[in-house]
Amino acid sequence: MSIMSYNGGDVIAMMGKNCVAIACDRRFGIQAQTVSTDFDKIFEMGPKLFVGLPGLATDTQTVAQRLKFRLNLYTLRENRAMKPKTFMSVVSNLLYEKRFGPYFIEPVVAGLDPKTNEPFICSLDLIGCPMVTDDFVVSGTASEQMYGMCESLWQPDLGPDDLFETISQALMNAVDRDAVSGWSAKDYVIEADKVTIKTLKARMD
Amino acid sequence: MRTNNMTPEWMDSEVSTGTSIMAVEFDGGVVVGADSRTTTGSYIANRVTDKLTKVADYIYCCRSGSAADTQAVSDIVSYHLDFLQSETQEPPLVRTAAHLFKGMCYQYRDQLSAGIICAGWDKKDGGQVYSIPIGGMCVQQPFAIGGSGSTYIYGYVDSVFKTGMTQEECMKFVTNSLALAMMRDGSSGGVIRLAIITQKGVERKVIVGSDIPRFYEG
């Protein structure tokens, strides 16, 4: 039994033209048993900044709360919204503090710069090593499947609607090959002026 | 314990038909059903597996547990039944098939991980369902459920089952039960495969996608 696949779950983030998208499955399970189908793994950290926290569910909740705490204090002190790149460093720092007894999550960050609206995505491992890419990042129990789907489906400079389709198909087909992920999905498409949240009807098995 | 973390988890995991299987007897035959998911660890190796295996013209078995073990055992039982048919010049009895399964599963109980439901139709006793769980006991039942997904539907099947159901009612019963099990069990899913075995022969059906019944989805 692996700790990272005890609860199951996946997150993908993709880069588009002046937009980003982040999506997660919604299953909460205990090994093979599905307990609920509305457990979101993506949390809003700012009007255009989202973080996905797949992995052990208890750590998903705890890290989301602790990150929000640190972000709130930053916002109060600096009196401005945090940039996504800075947020990545905050996540990295929080995780490395627990280097020898880590949180069992591998986060994904997606957002737009508050001032310039430049899109940004990155992922980190469970002890905080950051990786910034300009195409897509994946994390979770179906990561191998998601890599395959993303490599095939992603293209640069997709508009918001095309990006939504691409990320949805990549996530849904990947989790259909994973016994501990799926049971519906949620997509966030983040543009300069709005965030579109869609819940996807998916296979419930 | 995984000492090597360079390879993905599924490369060191045994192939298992996690599973939800079921069989119900009615007057004139049986309905057998199964999901279609095979997993190696949490990777779904096959999402359209056929777990309903023919062992004789009118006798099928539903397989759960280790894919290798159940395939090997059902191949051997199928051979024995075929040989018996040549000797007796008659189709084999369902109880014979069930006892052959029992014999193997009991004798090799320490080495096998196989849960089997053997069901079919014969001229002598009509439709019959035999349950051969892990350990190798054999018991005839009006209906049987098995596999990891069956644990989620014991209450449902006990509350819905009634004697004297028609073929259509049995098919609905199996379909609804398996749909509920597939929803809750991570090791079960895919499509619902049915086989209806009567004097007329075997009718195979597959229920896919939006035809699979949906219930409360939390």
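So, here's what we can say about the structure. Remember, it's a predicted structure, so these values are computed and weren't measured experimentally.

Re the pattern of salt bridges
Residue and element names in this part refer to chain A. This structure, assessed with the given rule, holds 15 salt bridges over all chains. Asp40 is the salt-bridge partner of Lys186, the closest N and O atoms lying 3.1 Å from each other. Here Asp40 lies in the loop between strand 4 (33-36) and strand 5 (42-46) and Lys186 lies in strand 11 (residues 185-190), a separation of 146 residues in the sequence. For Lys186, a relative accessible area of 15% translates into the label buried. The structure contains a network of salt bridges with shared partners spanning Arg26, Asp40 and Lys186.

Remarks on unusual backbone geometry
Residues and elements named next belong to chain A. For Asn18, which is not glycine, the phi dihedral falls at a positive 60 degrees. Judged by its relative accessible area of 54%, Asn18 falls in the exposed class. Phi angles above zero are rare outside glycine, and Trp183 is one such case at about 55 degrees. Checked against the element boundaries, Trp183 lands in the loop between helix 4 (160-175) and strand 11. Given the relative accessible area of 1%, Trp183 is considered buried.

Considering the interface of chain A and chain B
On the side of chain B, 25 residues touch chain A, which itself brings 20 residues to the contact. Both sides of the chain A and chain B interface together cover about 1,800 Å² of buried area, and 42% of this is carbon and sulfur. Contact with chain B buries area across many residues of chain A, yet A:Arg177, A:Met204 and A:Asp205 alone supply 32% of it, more than any other trio. Linking chain A with chain B are one salt bridge, by the criterion used here. Between A:Asp205 and B:Arg37 there is a salt bridge; the shortest N-O distance is 3.3 Å. Applying the counting rule to chain A against chain B returns 11 residue pairs in polar contact (both at pLDDT 80 or more). Mapped onto the side of chain A that touches chain B, the elements with two or more residues apiece are strand 4 and helix 3 (143-153) of chain A. By residue number, the principal contributor to the side of chain A that touches chain B is strand 4 of chain A, which donates three residues. Classifying every residue of the side of chain A that touches chain B by side-chain character gives seven nonpolar, five polar and eight charged.

Considering the packing of helix 3 of chain A against helix 4 of chain A
Residues and elements named next belong to chain A. Across the interface, helix 3 lies against helix 4 with an axial gap of 8 Å and an inter-helix angle of 150 degrees. In this structure, the crossing between helix 3 and helix 4 has a hand that is right-handed. Residues Gln145, Met146, Met149, Cys150 and Leu153 of helix 3 touch helix 4, and the partners they reach there are Thr166, Gln169, Ala170, Leu171, Asn173 and Ala174. Looking at the contact of helix 3 with helix 4 residue by residue, the class counts come to seven nonpolar, four polar and no charged.

Notes on the packing of helix 1 (residues 57-78) of chain A against helix 2 (residues 84-97) of chain A
Residues and elements named next belong to chain A. It is at 11 Å that the axes of helix 1 and helix 2 come closest, and there the two elements cross at 130 degrees. Regarding the angle of helix 1 to helix 2, the classification is oblique. The crossing of helix 1 and helix 2 is right-handed. For the pair helix 1 and helix 2, the contacting residues are Val63, Arg66, Leu67, Arg70, Leu71 and Tyr74 in the first and Thr86, Phe87, Val90, Val91, Asn93, Leu94 and Glu97 in the second.

Some remarks on the packing of aromatic side chains
The way to describe two aromatic rings as a pair is by their centre distance and the angle between their planes. Tallied over the full model, the rule gives eight aromatic pairs over all chains. An aromatic cluster is present here, built from B:Phe143, B:Phe161 and B:Phe173 joined pairwise through their rings. Above the plane of the ring of A:Trp183 lies A:Arg27, whose end atom (NZ or CZ) is 4.9 Å from the centre. Between the NZ or CZ atom of A:Lys198 and the centre of the ring of A:Phe164, over which it lies, the distance is 4.5 Å.

Describing helix 2 (residues 94-107) of chain B
All names here are of chain B. Spanning 14 residues, helix 2 covers 20 Å between terminal C-alpha atoms, matching the ideal 20 Å at 1.5 Å per step. Buried within helix 2 are the following residues: Val94, Ala97, Ala98, Phe101, Met104 and Cys105. Here the buried residues of helix 2 occupy an arc of 130 degrees about the axis, which is enough to place them on one side. Its buried side turned inward, helix 2 meets strand 6 (52-56), strand 7 (59-66), helix 1 (67-88), strand 8 (114-122) and strand 9 (126-132).

Calculation rules
- Residues numbered from 1 in each chain as written.
- Chains lettered and ligands numbered in written order.
- Predicted model: local features only at pLDDT ≥ 70, side-chain atom pairs only at ≥ 80, totals over all residues.
- Heavy atoms only, no water.
- Salt bridge = Lys/Arg side-chain N within 4 Å of Asp/Glu carboxyl O.
- Helix = DSSP H or I, 4+ residues; strand = E, 2+ residues; numbered from the N terminus.
- Buried < 20%, exposed > 50% of the residue type's maximum accessible area, 1.4 Å probe, protein only.
- Contact = heavy atoms within 4.5 Å.
- Buried area = accessible area lost by both parts, 1.4 Å probe.
- Polar contact = N/O pair within 3.5 Å; in protein donor to acceptor, adjacent residues only side chain to side chain.
- Nonpolar A, V, L, I, M, F, W, Y, C, P; charged D, E, K, R; others polar.
- Axes fitted to C-alpha atoms, helices over the stretch in contact; angles between N-to-C directions.
- Left-handed = near helix turned anticlockwise from the far one by under 90°.
- Parallel < 35°, antiparallel > 145°, perpendicular 65-115°, else oblique.
- Phe/Tyr/Trp six-rings, centres within 6.5 Å; stacked < 30°, edge-to-face > 60°.
- Lys NZ or Arg CZ within 6 Å of the ring centre and 35° of its normal.
- Expected span 1.5 Å × (residues − 1).
- Arc of directions from axis to C-beta.

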